[in-house]
Amino acid sequence: MGQLVADMTEGSNVHINNMKMAGLLASVAGDLPSLREKGVWALEPVDTDPSDKINLAFRIISYTPYINTKLVKQAEAPKSWRDLLEPKWKGLMTLTDPNISPSTIQTILVLIDNKAWDEAYVKALYGQKLRYILGGFVEEFRILATGESSIMVIGSDADADRFAKEGAPIQAIDMKEGAVVTTASVAAIGNSPHPNAAKVLMNWLYSQEGQSVAGKAQGNKMVRKDVQDFRPAAAQTQLAKPFVMTNEQLDKSAEMFKNKWFDKLVGR
């Protein structure tokens, strides 16, 4: 309705990127002293939007496989994406269907761009008789937690949280090639009623205190590395090789999703 009532926004990187493209946001990164701190970042806040510095990464969301710990021993869990192609996992894995989940396509694209996957790998994985889930990541975690599957090929720590807190036998596993990372972000609203107040709040949110308070309240891993990882242990991975999802990849994956890229590739 054209009513500017807020000074800043926090949430999905995709949502905030859409607001940016609509011309609703302003860059204030240069006015935030907290962002000039050195050596404190697990992920630089401007990395997802390095040219405009509008969409600022705030908390980290990782995508990696999950196992049911009652069905897969930790020592036998896959250590590499290639391990998922072993015959013993055939028919025991799930994937949220790429036709209903842009997040699945986004994750696959980032893995391909970083050479952890390629199109031949996608075809080989399809040959493992994956069970395709239509209800999204939450439904897929339920299936994993109840033992209806042994491995979830792509799971989000944001969705694992509720199941981990309930004591479900799930565990994130690290892949030696790396894992996909996206973010929730914050941004300043352009022409807002109180632009200076927005800068004060955003600067605090990137301080050690602000990141700790927000991380504890939301149960997340934050972009500062000098604060605690507040995710449940079952959702924690080391993220030694994070593949950060960029805005350009989000745009490209949207086209892939619309054009049913996955179905055409595997001949489904």
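Okay, so let's go over this structure. Everything numeric in this text was worked out from a predicted model, so none of it was measured.

## Thoughts on the overall build of the protein
Within the protein one finds 9 helices and 10 strands. The C-alpha radius of gyration computed for the protein amounts to 19 Å, which stays within 12% of the reference 18 Å derived for 268 residues, consistent with globular compactness. Oriented by its inertia axes, the alpha-carbon framework of the protein measures out at about 60 × 40 × 30 Å. In the protein, which comprises 268 residues, the proportion classed as buried is 54%. For the protein, restricting intrachain contacts to residue pairs at least 6 apart in sequence, the fraction spanning at least 24 positions comes to 78%. Here the protein has roughly 12,300 Å² of accessible surface; of this, 52% comes from carbon and sulfur atoms. When the 31 positive and 31 negative side-chain charges of the protein are each reduced to one mean point, those points stand 4 Å apart.

## With respect to the pattern of salt bridges
Scanning the entire structure with this criterion turns up 17 salt bridges. Where Arg231 meets Asp229, a salt bridge forms, and the shortest distance between an N and an O atom there is 2.8 Å. When sorted by exposure, Arg231 lands in the same class as Asp229, which is buried.

## Let's talk about a nonpolar patch on the surface
Together, Leu201, Trp204 and Val213 line one region of the surface with nonpolar side chains, adding up to about 240 Å² of accessible area. If you trace the backbone, Trp204 turns up in helix H6 (residues 195–205). For Trp204, a relative accessible area of 31% gives the class partly exposed.

## Things to note about the environment of Asp174
In this fold, Asp174 is placed in the loop between strand S7 (170–172) and strand S8 (179–189). The exposure class assigned to Asp174 is partly exposed, which follows from its relative accessible area of 35%. For Asp174 and Lys241, which are 67 residues apart along the polypeptide, the C-alpha to C-alpha distance reads 9.5 Å. For Asp174, the contacting residues outside a window of four places in its chain are Pro78, Lys79, Thr237, Gln238 and Leu239.

## Focus on the pairing of S8
Of all 11 residues in S8, 11 are buried, a share of seventy percent or more. In the sheet, strand S1 (residues 8–12) pairs with S8 via 5 bridges, with the strands oriented antiparallel. Within S8, the position partnered with Ser12 by the bridge is Ala184. Relative to S8, strand S2 (residues 25–26) runs antiparallel, the two sharing 2 bridges. Paired with Leu25 across the two strands is Ile189, which belongs to S8. Bridge analysis of strand S3 (residues 56–68) against S8 gives 7 bridges, and the strand direction is antiparallel. Considered in S8, the bridge of Leu56 is made with Val186. As paired strands, S8 and strand S10 (residues 242–244) are joined by 3 bridges and run parallel to one another.

## Some remarks on the side chain of Ser149
Looking at the secondary structure, you find Ser149 in the loop between helix H4 (136–145) and strand S6 (151–156). Judged by relative accessible area, Ser149 falls into the buried class, the value being 4%. When residues no more than four places from it in sequence are discounted, the contact partners of Ser149 are Asn68, Leu71, Leu92, Thr94, Ile143 and Leu144.

## Thoughts on helix H5 (residues 157–165)
Buried within H5 are the following residues: Asp157, Ala160, Asp161, Phe163 and Ala164. Elements that come into contact with the buried residues of H5 comprise S3, H4, S6 and S7. If you check the start of H5, you find a side-chain oxygen 3.1 Å away from the backbone N of Ala158, and it comes from Ser156. Where H5 ends, the next residue or the one after it, Gly167, has phi of about 85°, a positive value.

Scoring rules and cut-offs
- Residues numbered from 1 in each chain as written.
- Predicted model: local features only at pLDDT ≥ 70, side-chain atom pairs only at ≥ 80, totals over all residues.
- Heavy atoms only, no water.
- Helix = DSSP H or I, 4+ residues; strand = E, 2+ residues; numbered from the N terminus.
- Rg over C-alpha atoms; globule rule 2.2 N^0.38 Å.
- Buried < 20%, exposed > 50% of the residue type's maximum accessible area, 1.4 Å probe, protein only.
- Contact = heavy atoms within 4.5 Å.
- Areas by Shrake-Rupley, 256 points an atom, 1.4 Å probe, with all protein chains shown as cover.
- Lys, Arg positive; Asp, Glu negative; His and termini not counted.
- Charge placed at Lys NZ, Arg CZ, Asp CG, Glu CD.
- Salt bridge = Lys/Arg side-chain N within 4 Å of Asp/Glu carboxyl O.
- Patch = residues over 30% accessible without salt bridge, like charges linked within 9 Å, V, L, I, M, F, W, Y side chains within 5 Å.
- Pairing = 2+ DSSP bridges.
- Polar contact = N/O pair within 3.5 Å; in protein donor to acceptor, adjacent residues only side chain to side chain.

Functional significance is not addressed by these values, which are geometric in nature.
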